[in-house]
Amino acid sequence: MRQFKTESKKLLDLMINSIYTNKEIFLRELISNASDAVDKLNFKSLTNSDIKLDSSDLAIRISFDKDARTLTVSDNGIGMTAEDLERNLGTIAHSGSEEFKQENAESQGGDVDIIGQFGVGFYSAFMVASKVRVVSRAFGEQAAHVWESDGLEGYTIEDGERAEHGTDVILTIRENTKGENGEAGENYDTYLTEWGLRDLITRYSNYVRYPIQMMVSKSRELPRPEDAGDDYQPQYEDYQELETINSMTPIWKKRSSDVEQSDYNEFYKSTFHDWDNPVRTISFHAEGSLEYDALLFIPGRAPFDLYSKDYQKGLSLYSSNVMIVEKCADLLPDYYNFVRGVVDSADISLNISRETLQQDRQLRAIASRVEKKITSELKAMRDDDRETYEAFFENFGRGLKFGIYSSYGMKASELADLLLFWSARENKMVTLAEYAEAMPEGQKAIYYAAGDDRERLSKMPVVKGVLDRGYDVLLCTMDVDEFTFQAMRTYHACGLPKVYEDEAAREAAAKAVADGAEPEVEDRDIEFKNVATGDLDLATEDEKKDAEEATREHGDLFDAMKEALGDKVEKVAVSARLTDAPACITTEGPLSLEMEKVLARGPEAGTEGMPKTVRVLELNAKHPVFEKLVAAKEADDAEKLSLYAGLLYDQALLVEGILPADPVAFAQNICSLM
């Protein structure tokens, strides 16, 4: 027996037990080696006119014997001499394929696609095999040789027989194991079944460029006997047939002009297990320091678990048509987690197990280009097919908004123009750019109202007050909306009509336009304002003056109502935003009523230290109800004033979609008033 070189036992133990995290990839590695062997022979025939080779005969064959517990991977590639077996299999981490790539780097071209790099993939077989036997006959040689090892101490090389050039790798599959307490352990039998092998081939090696063939079981109906009676039941027989398991040519390597959309749809549905066609398909090829192909799909609907913690994002990462990572999360930002697809590059630097990358910068470069392509496609859909985009946004808009919030607004420049909100004035979904473009002269902010129901929001007094002044209001019904606006702080609007602070400049500009000049435009940062928080500064000078007079004249009334309401409100004040409602609840500070409701549904609801809103009860001094309040105060009827204050506060809460703290007391107060 010959000993392994390079500290065989330690290195081989490392290979089998540490480098690979997933046992089932052994078949991927062996098929990749077989593909390399076929590629080498194909390359040799292309560079040597004396070698006559029919490339259509080149193939990889998979077979198994359940009784003998053997699995065989065969190829009719270039094969190995005894010296090759000694060098390639006796020296761990020596890669014949990598050596071949270096020697023929300038002349390989597109007809050869060598996969191997490290010379370690072969030894992954020992993860599932108790013994490995390799029978190989080099092209042009008459003799075959046999390499055999149990993966422990060493190996043997002897003369053998093989009818033609190529290599057979024969694995003796381990027996199943039992776990602790007699439970089922490792199931190796799956590698001795037709369905198990087919699954591994289609998952990891479906796009290897040569046919991967296997005898498969089929059933067919026997001919009907001539003397069969009316009660004859069809008879069937099972038979074996050699079938090509893999697809070979990946659809993402084809030019998009050569592929029908129906082919993309079929690939998408079969690969990503969706019933619906994708709404957009993105196919592109990148060249330069890093060359890769990408095929991306935007689904038509959200998967049921998209917003669950168990959902896994990521694109399938391939290298030279061999799948490396089924879901490479680093290729997609979280806000595009719904995108599915494939990235394939022969240039990425894989680690020794070919399960992860060695250079993160390569992955970041691909991810950056992928992100830009997705953003560009979404903008095109928004502009060219608004109906489809609105349906898309209904499914995935929450993630885009959360992307801005979770990045503390740093992704606003990329994502803001993809967002849609319901316009209370237009009664349709609009972008922030469309809202800004439609703003009347003098509007300084983007106004919005946040809640859980669009119809209720549209009827809120604070919303109607802003609409009555000629300004649109965005009705936001997603729980992330207000957090998104706070993270953005402002929206950078481009190409808006220029605002002239000076009256003379404004008149000069108007005259220039009248004379045929183009109107001047400018870019502006527009802040967001919740119509139910803070001072909107929408009142006219006369309205401000009236509010100040009412505050001075009825200061004792507001003090009495504040005393009656206690710590429910920070203060009671005159409102300059109401038109026909008697009162409303507003807030001071960064926390609104809707944000408080969202936080109250979170995991820390009810815990000490949960933030609370600073509430203000605003009264409409021009409403008939205000006269009743003034009369109660002038009559020094503290009990009635307290009743009125409580009722106004509770009904204002109901308008906001918040139940009074004591619904029973609220009902009793209504009855008492009646």
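The structure this text deals with has already been given above.
For clarity, every value in this text was computed on a predicted model and none was experimentally measured.

1. Quick notes on the pattern of salt bridges
Scanning all chains against the criterion turns up 41 salt bridges. The partner of Glu241 in a salt bridge is Lys218, and the shortest N-O contact between them spans 2.7 Å. Here Glu241, found in strand β9 (residues 236-244), pairs with Lys218, found in strand β8 (residues 212-221); they are 23 residues apart in sequence, far enough to count as distant. Exposure remark for Lys218: the relative accessible area of 26% places this residue in the partly exposed category. The network of salt bridges with common partners includes Arg198, Lys218, Glu241 and Glu243.

2. A word on helix α18 (residues 624-634)
Within the sequence span of α18, burial applies to Phe626, Leu629, Val630 and Ala632. The buried side chains of α18 occupy one side of the element, clustering within an arc of 160° when seen end-on. Facing away from the buried side of α18 by more than 90 degrees, the exposed set consists of Pro624, Glu627, Lys628 and Glu634. Each element contacted by the buried residues of α18 is listed here: α16 (555-565), β23 (614-619) and α19 (638-655). Backbone geometry just downstream of α18 places Asp636 in the positive-phi region, at approximately 55°.

3. A closer look at the sheet that holds strand β11 (residues 292-298)
Spatially, β10-β11-β14-β12-β13 is the arrangement adopted by the five strands of the open sheet, whose pairing is mixed. Because the sheet does not close on itself, it has two edges, and the strands there are β10 (280-286) and β13 (322-328). Averaged over all neighbouring strand pairs, the angle between strand axes comes to 15°, with direction disregarded. As judged from the seven bridges shared by β10 and β11, these two strands associate in the antiparallel manner. Of the residues in β11, the one forming a bridge with His285 is Asp293.

4. Here's the deal with unusual backbone geometry
A positive phi angle is found at Arg69, which is not glycine, with a value near 55°. Looking at the secondary structure, you find Arg69 in the loop between β2 (60-65) and β3 (70-75). For Arg69, a relative accessible area of 12% gives the class buried.

Thresholds, definitions, all that
- Residues numbered from 1 in each chain as written.
- Predicted model: local features only at pLDDT ≥ 70, side-chain atom pairs only at ≥ 80, totals over all residues.
- Heavy atoms only, no water.
- Salt bridge = Lys/Arg side-chain N within 4 Å of Asp/Glu carboxyl O.
- Helix = DSSP H or I, 4+ residues; strand = E, 2+ residues; numbered from the N terminus.
- Buried < 20%, exposed > 50% of the residue type's maximum accessible area, 1.4 Å probe, protein only.
- Arc of directions from axis to C-beta.
- Contact = heavy atoms within 4.5 Å.
- Pairing = 2+ DSSP bridges.
- Axes fitted to C-alpha atoms, helices over the stretch in contact; angles between N-to-C directions.

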